[in-house]
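Each chain, letter by letter, is given below.
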Amino acid sequence: MVTKAFTVRRVEALRPRIQLIADMLLDQIAGARTIDVLAALAHPLPTLVICEMLGVPEVDRPQFSRWTEDI
């Protein structure tokens, strides 16, 4: 089930949305003197993309993020 969600074609189709998410995350840290790259980008970007690919509702995404941190 998961393998089908992560095909090259599927990920390529999501490229514009992935770019929007990355831009949003970068906007949130714009102008910061220092950043925690893991907290600001490396964790939220793949988590948000995976949530979109799997159809996780926005309201459930914070919980999904906590689960990924726990794992």
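As the structure is a prediction and not an experimental result, all values here were calculated from the model.

Visitor: Is there a simple way to think about helix α6 (residues 61-70) in this case?
Guide: An α-helix turns once per 3.6 residues; consequently, residues spaced three or four apart project the same way. Looking at α6, one finds that the buried residues are R61, F64 and S65. Projected down its long axis, α6 shows its buried positions confined to an angular sector of 100 degrees, all on one face. Of the surrounding secondary structure, the elements contacted by the buried residues of α6 are α5 (44-54).

Visitor: Please clarify how the environment of T34 should be interpreted in this entry.
Guide: For T34, the location among the structural elements is in the loop between α3 (15-29) and α4 (37-42). Residues T34 and S65 lie 31 residues apart in sequence; the distance between their C-alpha atoms is 23 Å.

Visitor: Would you mind going over the packing of α5 against α6 with me for this structure?
Guide: The geometry of a pair of packed helices is captured by two quantities: the angle between their axes and the separation between those axes. Following both chains from N to C, one finds α5 and α6 inclined at 120 degrees, their axes separated by 10 Å at the closest point. Classified by the angle their axes make, α5 and α6 are oblique. Considering how the two elements wind past one another, α5 and α6 form a crossing that is right-handed. Here T47, L48, I50, C51, E52 and L54 of α5 come into contact with α6, specifically with R61, F64, S65 and T68. In terms of residue class, the contact of α5 with α6 is made up of five nonpolar, three polar and two charged.

Visitor: Would you take a moment to explain α3 for this structure?
Guide: Here α3 spans 21 Å end to end across 15 residues, near enough to the 21 Å set by a 1.5 Å rise per residue. Among the residues of α3, I21, A22, L25 and I29 are the ones counted as buried. The arc that holds the buried residues of α3, viewed along the axis, is 95 degrees, so those residues lie on one side. Summarising the geometry of α3, the exposed residues directed more than 90 degrees from the buried face are P16, L20 and D27. For α3, the secondary structure elements touched by its buried residues are α4 and α5. Within two residues after α3, G31 carries a phi angle of roughly 85 degrees, on the positive side.

Cut-offs and rules
- Residues numbered from 1 in each chain as written.
- Predicted model: local features only at pLDDT ≥ 70, side-chain atom pairs only at ≥ 80, totals over all residues.
- Heavy atoms only, no water.
- Buried < 20%, exposed > 50% of the residue type's maximum accessible area, 1.4 Å probe, protein only.
- Helix = DSSP H or I, 4+ residues; strand = E, 2+ residues; numbered from the N terminus.
- Arc of directions from axis to C-beta.
- Contact = heavy atoms within 4.5 Å.
- Axes fitted to C-alpha atoms, helices over the stretch in contact; angles between N-to-C directions.
- Parallel < 35°, antiparallel > 145°, perpendicular 65-115°, else oblique.
- Left-handed = near helix turned anticlockwise from the far one by under 90°.
- Nonpolar A, V, L, I, M, F, W, Y, C, P; charged D, E, K, R; others polar.
- Expected span 1.5 Å × (residues − 1).

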